Amino acid sequence: RPREQHFFEGEKILSIRKTREPLFSYTDFPCYVSRAFMIIQPNDIDMKYLTGLLNSKLIHFWLYFKGKKQGDQLQIDKSPLLEIPLLKTSDTKVINEIATIVNKVIEVQSEYFNTKTDHEKKQFITKKTILTDELDNIIYKLYDLSKEDINCIESSIKAI
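The sections below set out a description of the structure shown in this document. (Residues numbered from 1 in each chain as written. Predicted model: local features only at pLDDT ≥ 70, side-chain atom pairs only at ≥ 80, totals over all residues. Heavy atoms only, no water.)

The next point concerns the sheet that holds strand β4 (residues 37–40). What the three strands build is an open sheet, ordered β3-β1-β4; its pairing is antiparallel. Single-partner strands in this sheet number two, and they are β3 (24–27) and β4. Taken over all neighbouring pairs, the strand axes of this sheet differ in orientation by 25° on average, direction set aside. Examined bridge by bridge, strand β1 (residues 12–16) and β4 share four bridges and lie antiparallel to one another. (Pairing = 2+ DSSP bridges. Helix = DSSP H or I, 4+ residues; strand = E, 2+ residues; numbered from the N terminus. Axes fitted to C-alpha atoms, helices over the stretch in contact; angles between N-to-C directions.)

Pasting the structure below:
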């Protein structure tokens, strides 16, 4: 089915509509994708901040237990995305901190795909894990979660 061109251009976040584990990718270049992908283009929130939130363990946990499912697949489409309890903070320090980590993850991911050896790939996986853990910790603080809440999320995500 045809869609308007503006969906494919400019800043956007892409996600596969049906997946076992949600993954949201930031892009700022023209990217033409099929209906198998969800294109997210809000104009009222920093896109890299939003990318960080959407890729957090907290949102994965929420999507798994409160979002839509089709069999064992999460259904990432408009309805569950609009229901996610996103915190739209006005704290530019937090927004910039999350956006900076998202930029670093994008760089590490790009470097990973350009590496040749398994040793280098392992190093990039370790760097990405450190960055995503840092991102999760910032988001846990942003949402003012208790240690018990964090432990519940962490253990549930491991079990999924």
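Considered as a void within the structure, the largest pocket measures approximately 1,200 Å³ in volume. When contributions to the lining of the largest pocket are tallied by element, the ones reaching two or more residues are β1, β3, α1 (47–54), α2 (57–66), α4 (92–113) and α5 (118–142). When residues of the lining of the largest pocket are assigned to their parent elements, the largest contribution, seven residues, is made by α4. Residue classes in the lining of the largest pocket are distributed as 18 nonpolar, 15 polar and 10 charged. Its volume calculated, the second largest pocket comes out at about 520 Å³. Along the walls of the second largest pocket sit 19 residues, with Met38, Ile40, Gln41, Leu81 and Leu82 positioned nearest its centre. Where the lining of the second largest pocket is concerned, the elements lending two or more residues are β4, α1 and α3 (78–83). The residue inventory of the lining of the second largest pocket, partitioned by class, reads 12 nonpolar, one polar and six charged. (1 Å grid on protein atoms, 1.4 Å probe; cavity = no way out; pocket = protein on both sides within 12 Å on 5 of 7 lines; lining within 4 Å. Points joined across faces, edges and corners; volume = space filled by probe spheres on them. Nonpolar A, V, L, I, M, F, W, Y, C, P; charged D, E, K, R; others polar.)

Along its 22 residues, α4 runs 31 Å from first to last C-alpha, staying within 8% of the 32 Å computed at 1.5 Å per residue. Those residues of α4 that sit buried are Val94, Ile95, Ile98, Ala99, Ile101, Val102, Val105 and Val108. Buried residues in α4 make contact with α1 and α5. For α4, the N-terminal cap is Asp91; the gap from its side-chain oxygen to the backbone nitrogen of Lys93 is 3.0 Å. (Expected span 1.5 Å × (residues − 1). Buried < 20%, exposed > 50% of the residue type's maximum accessible area, 1.4 Å probe, protein only. Contact = heavy atoms within 4.5 Å. Polar contact = N/O pair within 3.5 Å; in protein donor to acceptor, adjacent residues only side chain to side chain.)

Where two aromatic rings form a pair, the distance of their centres and the angle of their planes describe that pair. Across all of its chains, the model carries four aromatic pairs by this definition. Arranged with centres 5.0 Å apart and planes meeting at 25°, the rings of Phe8 and Tyr32 form a pair that is stacked. Within this pair, whereas Phe8 is found in the segment before β1, its partner Tyr32 is found in the loop between β3 and β4, the two being separated by 24 residues in sequence. Here Phe8 falls in the buried class, since its relative accessible area comes to 8%. Measuring from centroid to centroid gives 4.9 Å for Tyr64 and Phe65, while their planes differ by 75°, and the two rings are edge-to-face. Judged by its relative accessible area of 24%, Tyr64 falls in the partly exposed class. Members of the aromatic cluster, each reached through a chain of ring pairs, are Phe61, Tyr64 and Phe65. A cation over a ring is seen here: Lys69 above Tyr64, with NZ or CZ 3.5 Å from the ring centre. (Phe/Tyr/Trp six-rings, centres within 6.5 Å; stacked < 30°, edge-to-face > 60°. Lys NZ or Arg CZ within 6 Å of the ring centre and 35° of its normal.)

Locating Ser56 in the fold gives a position in the loop between α1 and α2. For the pair Ser56 and Ile138, spaced 82 residues apart in sequence, the C-alpha separation works out to 9.8 Å. Apart from the residues lying within four places of it in its own chain, the contact partners of Ser56 are Asp136 and Ile139. Within the structure, Ser56 has its side chain in polar contact with the backbone nitrogen of Ile59 (distance 3.2 Å).

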